[in-house]
Amino acid sequence: MKVLVIGGGGREHALVWKFSHSPRVKKIFCAPGNAGIAALAECVDLKPEDLPGIIALVRREKIDLTVVGPEAPLVAGLVDALEQEGYPVFGPRQRAAEIEGSKVLAKEIMLKYNIPTARYGVFDDPARAIDYIKKTGAPCVVKADGLAAGKGVIVAEDQATALGAVDLMMKQRAFGAAGERIIIEELLRGEEASILAFTDGEKVIPLLPAQDHKRVNDNDDGPNTGGMGAYAPAPIMTDSLRQTALEKILLPTVRGMAAEDRPYRGVIYAGLMITERGPYVLEYNARFGDPEAQPILMMLESDLADILEGLLAGELDEANLRWHNGASVCVVLAAGGYPGDYRKGDVISGLEQMPDNVVAFHAGTALKTNRTVAAGGRVLGVTSLAENIPAAIDLAYQGVAKINFTGMHYRKDIGQKALLVRPCVC
Ligand code: AMP
Ligand code: GLY
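Residues numbered from 1 in each chain as written. Chains lettered and ligands numbered in written order. Predicted model: local features only at pLDDT ≥ 70, side-chain atom pairs only at ≥ 80, totals over all residues. Heavy atoms only, no water.

Looking at the packing of helix α7 (residues 126–136) against helix α8 (residues 159–171)
Taken N-terminus to C-terminus, the directions of α7 and α8 make an angle of 170°; their axes are 10 Å apart at the nearest point. In this view, α7 runs roughly antiparallel relative to α8, as classed from their interaxial angle. Here P126, A129, I130, I133 and K134 of α7 lie close against α8, whose contacting residues are Q159, A162, L163, V166, M170 and K171. Split by residue class, the contact of α7 with α8 holds eight nonpolar, one polar and two charged. (Axes fitted to C-alpha atoms, helices over the stretch in contact; angles between N-to-C directions. Helix = DSSP H or I, 4+ residues; strand = E, 2+ residues; numbered from the N terminus. Parallel < 35°, antiparallel > 145°, perpendicular 65-115°, else oblique. Contact = heavy atoms within 4.5 Å. Nonpolar A, V, L, I, M, F, W, Y, C, P; charged D, E, K, R; others polar.)

Some remarks on the site of ligand 1
In the vicinity of ligand 1 lie 15 residues, with E185, E186, L188, E192 and K214 positioned nearest. Side-chain polar atom of K103 to an oxygen atom of ligand 1: 3.4 Å apart, as the coordinates give it. Note that an oxygen atom of ligand 1 is positioned 3.2 Å from one of the side-chain N or O atoms of E283. Look at ligand 1: alone it shows 470 Å² of surface, and the protein chains cover 90% of it. Residue assignment for the shell around ligand 1 shows that the elements contributing at least two residues are β7 (140–144), β8 (153–156) and β17 (278–285). Of the residues in the shell around ligand 1, the class split is eight nonpolar, no polar and seven charged. (Near = heavy atom within 4 Å. Polar contact = N/O pair within 3.5 Å; in protein donor to acceptor, adjacent residues only side chain to side chain. Areas by Shrake-Rupley, 256 points an atom, 1.4 Å probe, with all protein chains shown as cover.)

Describing the site of ligand 2
The local shell around ligand 2 consists of D212, K214, G226, Y269, N285, R287, G289, D290, P291 and E292. D212 places a side-chain nitrogen or oxygen 2.8 Å from a nitrogen atom of ligand 2. Residue D290 places a main-chain N or O atom 2.9 Å away from an oxygen atom belonging to ligand 2. Contact with the protein chains removes 87% of the 200 Å² of surface that ligand 2 exposes when unbound. Here the shell around ligand 2 is composed, by residue class, of two nonpolar, three polar and five charged.

A word on unusual backbone geometry
In this model, A31 is joined to P32 through a cis peptide bond whose omega is -5°. Tracing the chain through its elements places P32 in strand β2 (residues 27–32). Following D290, the chain continues into P291 via a peptide bond in cis, with omega recorded as 20°. A positive phi angle, close to 50°, is found at K62, a residue other than glycine. Considering the arrangement of structural elements, one finds K62 in the loop between α2 (51–61) and β4 (65–68). One non-glycine residue with positive phi stands out, namely N370, at about 65°. Its location among the elements puts N370 in the loop between β20 (365–368) and β21 (371–374). Of the residues examined, N370 reaches a relative accessible area of 77% and is grouped as exposed. (Buried < 20%, exposed > 50% of the residue type's maximum accessible area, 1.4 Å probe, protein only.)

Rendered as structure tokens:
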């Protein structure tokens, strides 16, 4: 079969890498891909949002399965467009992807279907938002309603920061139309975890829980990023918490979406805060998380093509989802300056020296006169597979030690939270 993966980051490299192990997959395309993906797939220079271009590619190459990585084409309706032409495609349709595209919709679904989430208010008038903050005070969290490339959330510990966030989103329009409407919500305290699940719209099969590292510096310090590393499975998600997340969050979300005439098929991602009162939803994503996809797909033993084809055929079966024993850790190597303005074009060395059971997934790379250069904020995701978390941490950092490019920086504490002994939140 011929597979097309849409996107060009670490998540997409991990998807392409996983498909490359399937005996049934004869050819892989990726649009646009990157330098690492180019070793496994034919890269086609199309933007993920170029719907007509992608549809023409699928037609021309008679693609048997298209898998959409990023949110923008999902929210733009790529899945709907390909389905209308009769092509198999994995990912939610536009109306379902809005659960990520509109935080207000996500909150409404949670409220209506009793899914635990922070208390909130919705505002489309800055004066009313300011009044509300002055009345309720800080701490609080201010969120742009629409897609803002992961930057539309400001955690405000004090009132001045909260008021500044309203100004930034609604008056300065830093995120354009995405910030015309905002949410102001209660700040939740706890530890975060990501739970993803495959769903055909009825059945819900959770994947291994993962944990992201959003802040740029060690000990969760500094500004938020797209994610500086991840690991799976995340021990904070005990068996009992996984069951709670399935029963109280994932199943009601999928059932609620069906009841709202937004049937959801694909992978659904719930970003959780594990509070003293149990897991609360911070956000939904309508796709695999990045970097979480890298350790999760590294841990997946089963053939991804079989799973996704089965899901599309209405034969989603937990028995087909087998996992490797042990754990996987992904350390993101970022470009100098990231998450602000960052360097581009630095030559990367050491990629060919990865130890066994380590893959350097490319997130932002390009080929320049036959050399691999940094071309994005997150450049690589060095991902290991080992018998347990400490061994996977050690192995991932052995891989990291081989790689170098000017300005490269990374966190030294990826996975450390998994080693903490913590009280049980059941
Ligand atoms: P989101 O895109 O909604 O997941 O928000 C990005 C990050 O902001 C999350 O990963 C959390 O670290 C933080 N965050 C979002 N909502 C809350 C909340 N209600 N309480 C505390 N932190 C939050
Ligand atoms: N790692 C968080 C995300 O993919 O949005």
